[in-house]
Amino acid sequence: MRRIFSAIASRVVIAVPYAWLLFFFLIPFVIVFKISLSDLAISMPPYTPALEGLRDFFARLSEFDLENYHLLMCDLLGYIGVGADLCRGGFSTDFFERPYLSVAYISSLKIAAVSTFLTLLVGYPVAYAMARAPQSMRPTLLMLVILPFWTSFLIRVYAWIGILKPEGLLNQLLLNIGLISEPLVIMNTNTAVYIGIVYSYLPFMVLPLYSALEKLDHSLIEAAQDLGCRPLSAFWKITFPLSLPGVVAGCLLVFIPAVGEFVIPDLLGGSRTLMIGKTLWSEFFNNRDWPLSSAVAIVLLLILVVPIVLFQRAQARAQE
Amino acid sequence: MKSLGSIRKSFAPWNDPAATPYIRFENVTKKFGDFVAVNDLSLDIYEREFFALLGASGCGKTTLLRMLAGFEEPSAGQIFLDGQNLSGIPPYRRPVNMMFQSYALFPHMTVEANIGFGLKQDRMPRDQIAARVAEMLKLVKLEQFAKRKPHQLSGGQRQRVALARSLAKRPKVLLLDEPLGALDKKLREETQFELTDLQQELGLTFLVVTHDQEEAMTMADRIAILDKGKVMQVATPAETYEAPVSRFVAEFVGSVNLFDGSVSAREGSVASIAYGDGLTIAADNAGDAAVGDQVAFAIRPEKVRVASRKPEAGADNVMSGEVWDIAYLGDMTIYHVKLDDGRVIKSAMLNSSRLVDDPLTWDDRAWITFAPDAGVVLTR
């Protein structure tokens, strides 16, 4: 009796996270996926109903097509400049008159990659210093890293406008010191977006790096030095390779949300800062083309799944 | 292989006034904040010596080793190696290598890469590195494990990799920090002998830190016993055991019976030590103990004989009491005899025959005897 009960209990325990994922991830995903397969309709909601009872489910199913994905593929082909003629036919011409969506994708990936790298450059020394700090100071330092989360993300990004704008704090400081003679134009450029992303996502880089570096046995560094390795070379040969799991985890934690980032480019970036998050927003709410934007979102998801899978493979290999 | 016993027997450079020490600690002090880890310590170690630093934890032995390796700088004093003053030389330029207590093997490198790491730092040509690594693998009998990662090895194998790695660069001195601490008893005993053989074969100077006196005595040519950052005694294992210079050393190494008293008479090398109400011990080799000096007479349990029959009249150092405790260890039996004056004396009797014709048992009347030259007189 007791065994049956505990068997049921263990199933229930496992079932909870599955149920969570099913309700809050899989079902919304399926809904978005369905929208992406349907056609644009000028109505409320602005797409042909995806489900209206099982009766005409199969009738509807035949209306589903991959047109939006076809469009996205043509967009990419058009951007690259090959096989564009194959695509001209079926689409309304105004689609091809606006900027390529692929530009937004690639620009997002580029901005995310650059800011991930910058975050790593800033975060690594911070995490290293924290891991080398006296044991008694580490909880305080960890607290300080997490402290910004106590203020709303939106407010913190707004605060950067006050710092970066032409008459902002940074320019005033630099002008007063005499380092520059006229205000720097940082606001509404990609530089401001980089600064915003590096600032906002720094804790996500520092925390996994810290946990990897803190585990590192200091006697390994001593052993390397004992065997004739200079401190800097010991860092590259021992410390860095052993902190790689933290580096990869931190980079993924920054890169993935940064690709889809909307708030930072919207507030700090200029009209020329093209990111897929902004494009999604305008497709959903300005053009009200839900099916296409759903397809854009699904493709973005697929693009992001690739690095995650690669990371998991690398981890599995490291565990061997 | 030729027997190394004869080499070891005649090896005693510390008795040769003409020999120059290879490693020299000169009035070395190391402080960590208020804590004095090493206190004005001087110590000479000779080339090809297997030298052990023995002491309880916190006695400064590891600090001494780390100062020689260059991980700590002395607060005062100097360290010389082969005539060279080591102060200010960073660890990566010192001609010494260390085998770490935790082994500190690089987990992301194979056994081969671990052993070759130091050679690669020295920019040794690739083929020479490969040859040296192969030689080292053979030395520690790990040829078939070259491609493994450290976590795929057993504790004993890891210990060998660590040893091979620290030997690969042919250091002037090999420093070993508790080299056998993580091994189980059986493996430890085997490895002790392997290490001494290896040291003789390679002709290197080994400096080992240990808290295990048996380990130190098995392996070392000489032992320095440390306490609170100071050297208590430097001597061969036999001297340390048989001729301790102080109560501390006598009690630290092995088991001992101590009688506190004062010298009541002196006749040549023999002193009479009064240790209780009219009770005296006749002690040979009394050194410079003069009449009236407060001394301790130390005698090892195996040099105390215990019997159920009263010895013949005229025997030296006879005491009587009753058997208080018996510990049968197989090879020997330890008797705790409570003397008539209340003190408990330990006696270890070798069980040289299987059947004891005169068995002593609990509460039996027992007689204790020992020769005047079986113990030592300690003035400190």
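**Q** What should I look at first to understand the overall build of chain B in this one?
**A** Of regular secondary structure, chain B possesses nine helices and 20 strands. Each principal axis of the C-alpha atoms in chain B carries an extent, and together these give about 80 × 50 × 40 Å. Expressed as a percentage of the 380 residues in chain B, the buried residues total 38%. The contacts of chain B with a sequence gap of at least 6 include a subset with a gap of at least 24, amounting to 65%.

**Q** Just to check I follow, could you spell out the overall build of chain A for this structure?
**A** Scanning chain A from terminus to terminus reveals 14 helices and zero strands. In chain A, the succession of helices and strands from N to C terminus is α-α-α-α-α-α-α-α-α-α-α-α-α-α.

**Q** Even after reading the chapter, I still don't get the domain arrangement of chain B, so can you show me in this structure?
**A** Size of an interface, as often reported, equals the accessible area lost when the parts are brought together. Residue and element names in this part refer to chain B. By domain assignment, chain B separates into domain 1 (5–247) and domain 2 (255–378). Computed from C-alpha atoms alone, the centre-to-centre distance between domain 1 and domain 2 is 39 Å. Contacts between domain 1 and domain 2 engage four residues on the former and five residues on the latter. Classifying every residue of the side of domain 1 that touches domain 2 by side-chain character gives two nonpolar, one polar and one charged.

**Q** Can you help me understand the interface of chain B and chain A in this one?
**A** Counting residues at the interface gives 17 residues for chain B and 14 residues for chain A. Of all the secondary structure elements, the ones that give two or more residues to the side of chain B that touches chain A are strand E6 (96–99) and helix H3 (111–121) of chain B. Ranked by the residues each element gives to the side of chain B that touches chain A, the list is headed by H3(B), at three residues. Split into classes, the residues belonging to the side of chain B that touches chain A amount to 10 nonpolar, five polar and two charged.

**Q** Sorry if this is basic, but what is going on with helix H3 (residues 67–80) of chain A here?
**A** Residues that lie three or four places apart on an α-helix share one face, since the helix turns once every 3.6 residues. With 14 residues, H3(A) extends 20 Å between its outermost C-alpha atoms, agreeing within 8% with the 20 Å of an ideal straight helix rising 1.5 Å per residue. Positive phi appears at A:Gly81, one or two residues downstream of H3(A), with a value of about 95°.

**Q** Sorry, what's going on with the nonpolar core here?
**A** As a rule of thumb, nonpolar side chains are buried together in soluble globular proteins. Counting 103 residues, the largest nonpolar core has B:Ala52, B:Leu68, B:Ala164, B:Leu175, B:Leu207, B:Phe297 and B:Val377 as its most contacted members. Residues contacting B:Phe297, with those up to four places away along its chain left out, are B:Phe259, B:Gly261, B:Ile273, B:Ile281, B:Ala283, B:Gly375 and B:Val377. One finds A:Ala104, A:Ile111, A:Ala131 and A:Ile264 within the second-largest nonpolar core, a separate group that totals 51 residues.

**Q** I would appreciate a short explanation of the pairing of strand E3 (residues 50–54) of chain B in the present structure.
**A** Residues in a regular strand point their side chains to alternate faces of the sheet. All names here are of chain B. Taken across its five residues, E3 has five buried, putting it largely inside the fold. On E3, burial covers both faces: Phe50, Ala52 and Leu54 on one face and Phe51 and Leu53 on the other are all buried. Direction of pairing for E3 relative to strand E8 (residues 205–210): parallel, over a ladder of five bridges. What sits directly across from phenylalanine 50, in E8, is phenylalanine 206. Taken together, the four bridges between E3 and strand E9 (residues 222–227) define a ladder with parallel strand orientation. Looking across to E9, one finds that leucine 53 is bridged to alanine 224.

**Q** What should I look at first to understand the pairing of E8(B) in this one?
**A** Residues and elements named next belong to chain B. Most of E8 is tucked away: six of the six residues are buried. In terms of strand pairing, strand E7 (residues 173–177) meets E8 through five bridges, oriented parallel. Across the sheet, leucine 176 pairs through a bridge with valine 208, a residue of E8. Handedness of the E7-helix H6 (residues 185–202)-E8 crossover: right-handed.

**Q** Can you help me understand the environment of A:Asp217 in this one?
**A** Structurally, the position occupied by A:Asp217 is in the loop between helix H9 (190–215) and helix H10 (218–226). What makes A:Asp217 partly exposed here is the crowd of 16 C-beta atoms within 10 Å. With 28 residues separating them along the chain, A:Asp217 and A:Pro245 place their C-alpha atoms 15 Å apart. In contact with A:Asp217, other than residues within four places in its own chain, are B:Ser102 and B:Ala104.

**Q** Explanation requested: the confidence of the model for chain B in the structure shown.
**A** Keep in mind that low pLDDT regions are not for reading the predicted coordinates in detail. Of all residues in chain B, 97% attain a pLDDT of 70 or more, and the chain-wide mean is 87. Here the predicted complex carries an ipTM of 0.82, next to a pTM of 0.79.

**Q** Before we go on, may I ask you to explain the sheet that holds strand E15 (residues 305–307) of chain B in this structure?
**A** Hydrogen bonds between backbone groups are what pair the strands of a sheet, and the pairing can be parallel or antiparallel. Residues and elements named next belong to chain B. Spatially, five strands are ordered E15-E19-E16-E17-E18 in an open sheet, and the strand pairing comes out antiparallel. The two strands at the open ends of the sheet, each matched to only one other strand, are E15 and strand E18 (344–350). Each adjacent strand pair in this sheet contributes to an overall mean axis angle of 45°, direction not counted. Relative to strand E19 (residues 365–369), strand E16 (residues 318–328) runs antiparallel, the two being bridged by five bridges. For glutamate 322, the partnering residue across the bridge sits in E19 and is arginine 365.

Conventions and cut-offs
- Sequence positions are assigned chain by chain, starting from 1 and proceeding in written order.
- Chains carry letters and ligands carry numbers; both start at the beginning, A for chains and 1 for ligands, and go up in the order they are written.
- It should be noted that, the model being predicted, local features are given only for residues of pLDDT at least 70 and side-chain atom pairs only at 80 or more, the latter also being counted only at that level, while totals for whole chains, interfaces and linings use all residues.
- Helical segments are the DSSP runs of H or I of at least four residues, strand segments are the runs of E of at least two, and each set is numbered from the N terminus.
- Counting other C-beta atoms within 10 Å of its own, a residue is labelled buried from 20 upward, exposed at 12 or fewer, and partly exposed in the gap between, with every C-beta atom placed from the backbone.
- By the criterion used throughout, residues are in contact when their C-beta atoms, derived from the backbone, lie within 7 Å.
- As annotated, the domain borders come from an automatic or database domain assignment.
- Ten residue types, Ala, Val, Leu, Ile, Met, Phe, Trp, Tyr, Cys and Pro, are classed as nonpolar, four, Asp, Glu, Lys and Arg, as charged, and the remainder, Gly among them, as polar.
- Given a helix with a known number of residues, its expected span is that number minus one, times 1.5 Å.
- For the purposes of this analysis, a nonpolar core is taken to be any set of buried Ala, Val, Leu, Ile, Met, Phe, Trp, Tyr and Cys residues that are connected through C-beta atoms within 7 Å.
- Pairing between strands is defined by DSSP: at least two bridges between the two strands are required.
- A clockwise path from the first strand over the helix to the second, with the strands pointing away from the viewer, defines a right-handed crossover.
- A residue's pLDDT is the predictor's confidence in that residue, given on a scale from 0 to 100.
- Angles shown run from 0 to 180 degrees and are taken between the N-to-C directions of axes, each axis being a line fitted to C-alpha atoms and, for helices, limited to the stretch in contact.

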